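Single-letter residue listing:
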Amino acid sequence: MKKSITDNSLEKIVSLCKRRGFVFPSSEIYDGFTAVYDFGPYGVELANNIKAAWWKAMTQFRDDVVGLDSAIFMNPKIWEASGHVSGFSDPLTECRKCHARLRLDFLLEEAGIMADEKMTEEEINEIFEKNKTKIKCPTCGAQDFTPGKNFNLLVQSNLGNFTGDWTKAPTYLRGETCQGIYVNFKNVLDSVRVKIPFGIAQIGKAFRNEITARQFIFRTREFEQMEMQYFIKPGDDKKYYEMWKEIRWQFYLDLGISADNLKWHQHEHLVFYAKEAYDIEYKYPFGFKEIEGLHMRGNYDLSQHSKFSGTDLNYLDPITNEKYIPHVVESSAGVGRIFLAVLNEAYQEEELEGGTRVVLKLAPHLAPIKIAVFPLLKNKPELVKKAREVYDLLKLKWRCEFDDNGNIGKRYRRQDEIGTPYCLTIDFDSMENDCVTVRNRDTMKQEVINIADLLKFFQEKI
Ligand code: GAP
């Protein structure tokens with residue numbers, strides 16, 4: 001009998017990720033590097049599949065969104081215009097006993113006191129002061145902290161600065177990808193046939209000096225964002241905000257995430273230019289947390305870049321001749337957070353007669369390997385040859401894996417653990433009738449399929 005175990009603690013997922021080549025801690029042989037991770041051979045496939053699903057949904061399947069890939073480094077003035085140099089910060093406190101540096105809003109949250117990173121230094125310190133007796137250092141247990149101070153999250157570099165003192169005029173690794181979209185708004189408008197309303201989407205790395213590294217790949221200092229800025233006529237904000245809320249919610253359902261594990265969270269403390277902001281939250285093993293932000297950003301960013309660059313970023317409506325700085329509805333999601341949600345959702349342990357099987361019930365389009373091809377026996381050259389032929393045929397269309405190691409049961413378990421939806425075995429009957437056995441990961445049922453029909457069969461399934 002099968003039994004699903006739904007208690008997917010984070011430790012189980014972290015362990016699977018390391019064991020089966022999904023995620024490795026960065027620089028591990030040098031004792032690691034805090035809050036940075038590497039995607040292993042199966043991880044890069046899963047991450048690429050998540051990005052491909054997003055790219056298709058956001059650009060290919062739409063007529064009103066185009067893509068972009070802007071550079072990580074940009075003119076530092078961009079980060080002044082965007083407000084990041086002066087205001088992109090999290091509240092930091094230091095334990096006076098063990099000198100651990102901690103995020104103040106997290107400390108308050110853990111003590112059951114509501115606070116968020118959008119509060120001013122004064123607001124958060126007032127709450128901190130009132131609740132000091134309830135808060136303990138998670139490292140040493142002391143209750144003696146320095147007052148909260150806003151700590152800027154931008155990561156600095158010396159790119160292009162040869163003076164020897166680059167700290168005076170640093171360049172920044174981008175803190176969010178969308179600034180690259182804003183500064184290319186005019187280029188896109190002038191080079192591609194787009195009319196408002198339209199969006200620009202991009203996927204790329206972002207960097208933040210996160211104070212507290214927590215929860216595996218949920219909060220990292222280097223991460224990938226998938227962002228789309230939708231440019232609209234002022235006044236149409238609500239209409240398009242609601243439209244994107246629906247579209248983005250559906251995206252998670254299409255990834256195979258259950259609606260019960262998703263919820264909306266409305267921001268109470270908005271950044272001054274935002275009119276409305278909601279997060280889609282996912283129920284991670286450590287509770288409901290943000291997976292994506294949807295923001296009504298008004299015309300703040302384009303106006304700022306117009307002002308700081310001196311370039312007119314007004315839009316001229318070709319029909320009404322109206323001139324205006326477009327407003328923006330933003331969708332901003334993190335690849336790592338979706339990756340973790342998808343794994344958490346897919347991870348199951350099932351009690352079978354022969355023991356427990358760990359299986360990732362990933363949607364086929366997300367699975368790192370779609371089809372595993374096995375010759376029944378490794379030491380029968382005719383079986384291996386035929387299996388190779390089938391593998392060579394299928395690998396042109398799907399990411400496949402050839403495996404002739406160990407008994408078939410063990411090979412199934414290995415593929416179950418990485419979420420491969422189909423395993424295909426070539427046995428002695430295959431030599432006679434040109435048929436193979438295809439085993440379904442979820443039902444574990446087997447079907448016999450003619451080799452000539454395999455492409456059609458998998459085309460329908462994957
Ligand atoms: N342009 C808007 C923006 O960057 P955000 O709420 O700061 O908004 C958007 O970030 C998304 O980026 C988050 O919902 C999350 O998925 C991802 N993200 C942000 N910081 C992250 C971090 N330190 N590690 C991993 N993902 C992060």
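Cut-off values and rules
Residues numbered from 1 in each chain as written. Predicted model: local features only at pLDDT ≥ 70, side-chain atom pairs only at ≥ 80, totals over all residues. Heavy atoms only, no water. Helix = DSSP H or I, 4+ residues; strand = E, 2+ residues; numbered from the N terminus. Contact = heavy atoms within 4.5 Å. Areas by Shrake-Rupley, 256 points an atom, 1.4 Å probe, with all protein chains shown as cover. Near = heavy atom within 4 Å. Polar contact = N/O pair within 3.5 Å; in protein donor to acceptor, adjacent residues only side chain to side chain. Core = buried A, V, L, I, M, F, W, Y, C linked by side-chain atoms within 4.5 Å. Buried < 20%, exposed > 50% of the residue type's maximum accessible area, 1.4 Å probe, protein only. Pairing = 2+ DSSP bridges. Axes fitted to C-alpha atoms, helices over the stretch in contact; angles between N-to-C directions. pLDDT = per-residue confidence, 0-100. Disulfide = S-S within 2.5 Å. Parallel < 35°, antiparallel > 145°, perpendicular 65-115°, else oblique. Left-handed = near helix turned anticlockwise from the far one by under 90°. Nonpolar A, V, L, I, M, F, W, Y, C, P; charged D, E, K, R; others polar. Arc of directions from axis to C-beta.

Trainee: Help me get a handle on the overall build of the protein chain, residues and values and all.
Mentor: Broken down by element type, the protein chain carries 15 helices and 24 strands. Summarising its shape, the C-alpha atoms of the protein chain cover approximately 75 × 65 × 50 Å along the three principal directions. Within the protein chain, contacts between residues separated by at least 24 positions form 65% of all contacts whose residues are at least 6 apart in sequence. When the accessible area of the protein chain is evaluated, it comes to approximately 22200 Å², of which 50% is carbon and sulfur surface.

Trainee: An account of the site of the ligand is requested, with residue identities and associated values reported.
Mentor: As a matter of local geometry, the ligand sits amid 21 residues, with Glu-176, Arg-208, Glu-210, Glu-227 and Glu-290 nearest to it. Between the ligand and Glu-210, the relevant distance is 2.7 Å, taken from a nitrogen atom to a side-chain nitrogen or oxygen of the residue. With respect to the ligand, the backbone of Gly-334 contributes an N or O atom lying 2.9 Å from an oxygen atom. Isolated, the ligand exposes 550 Å² of accessible area, and the fraction of that covered by the protein chains is 91%. Those elements giving two or more residues to the shell around the ligand turn out to be β11 (222-232), β14 (287-298) and β17 (327-334). With six residues, the single largest contributor to the shell around the ligand is β14.

Trainee: Talk me through the nonpolar core; I want residue IDs and the actual numbers.
Mentor: Nonpolar side chains in soluble globular proteins tend to be buried together. In terms of nonpolar packing, the biggest core is built from 58 residues, with Phe-22, Tyr-252, Ile-338 and Phe-339 touching the most fellow members. The leading source of residues in this core is helix α11 (residues 335-346), at eight residues.

Trainee: I'd love a proper account of the sheet that holds strand β5 (residues 89-94), names of residues and values included.
Mentor: Strand order across the open sheet formed by three strands is β6-β5-β7, with antiparallel pairing between neighbours. With partners counted over all chains shown, the strands left at the sheet margins are β6 (101-103) and β7 (149-152), one partner each. For this sheet, the mean angle separating the axes of adjacent strands, direction not counted, is 50°.

Trainee: Kindly report on the confidence of the model for the protein chain, identifying the contributing residues and their values.
Mentor: Overall, the predicted model of the protein chain reaches an average pLDDT of 94, with 98% of residues at or above 70. Across residues 1-5, where pLDDT falls below 50, the model places 17 contacts with residues more than four positions away in sequence or in other chains.

Trainee: Can you break down the state of the cysteines residue by residue, with the values?
Mentor: All chains considered together, the criterion is met by zero disulfides. Free cysteine Cys-137: the closest other cysteine sulfur is in Cys-98, separated by 3.7 Å. Its relative accessible area of 3% is what places Cys-137 among the buried residues.

Trainee: Account for the pairing of strand β22 (residues 422-426), with residues named and values stated.
Mentor: The buried fraction of β22 amounts to five of the five residues, a majority that puts the element mostly inside the structure. Judged by which residues are buried, β22 turns out to be covered on both faces: Tyr-422, Leu-424 and Ile-426 on one side and Cys-423 and Thr-425 on the other are all buried. The pairing of strand β20 (residues 371-375) with β22 spans five bridges and is parallel. Bridging from a neighbouring strand, Phe-374 pairs with Thr-425 of β22.

Trainee: Residue-level account of the packing of helix α2 (residues 41-60) against helix α9 (residues 237-254), with values.
Mentor: Here α2 crosses α9 at 150°, and the two axes come no closer than 11 Å. Classed by the angle they form, the pair α2 and α9 counts as roughly antiparallel. The way α2 lies across α9 gives a crossing that is right-handed. Here α2 contributes Ala-53, Trp-54, Ala-57 and Met-58 to the contact with α9, which in turn contributes Trp-244, Arg-248 and Phe-251. Counted by class, the contact of α2 with α9 contains six nonpolar, no polar and one charged residues.

Trainee: Quick one: what's the story with helix α15 (residues 454-461), residue by residue and with numbers?
Mentor: For α15, every residue scored as buried is listed here: Leu-454, Phe-457 and Phe-458. Looking straight down α15, one finds that the buried residues subtend no more than 90° of arc, so they occupy a single side. For α15, the exposed residues set more than 90 degrees away from the buried face come down to Lys-456 and Glu-460.

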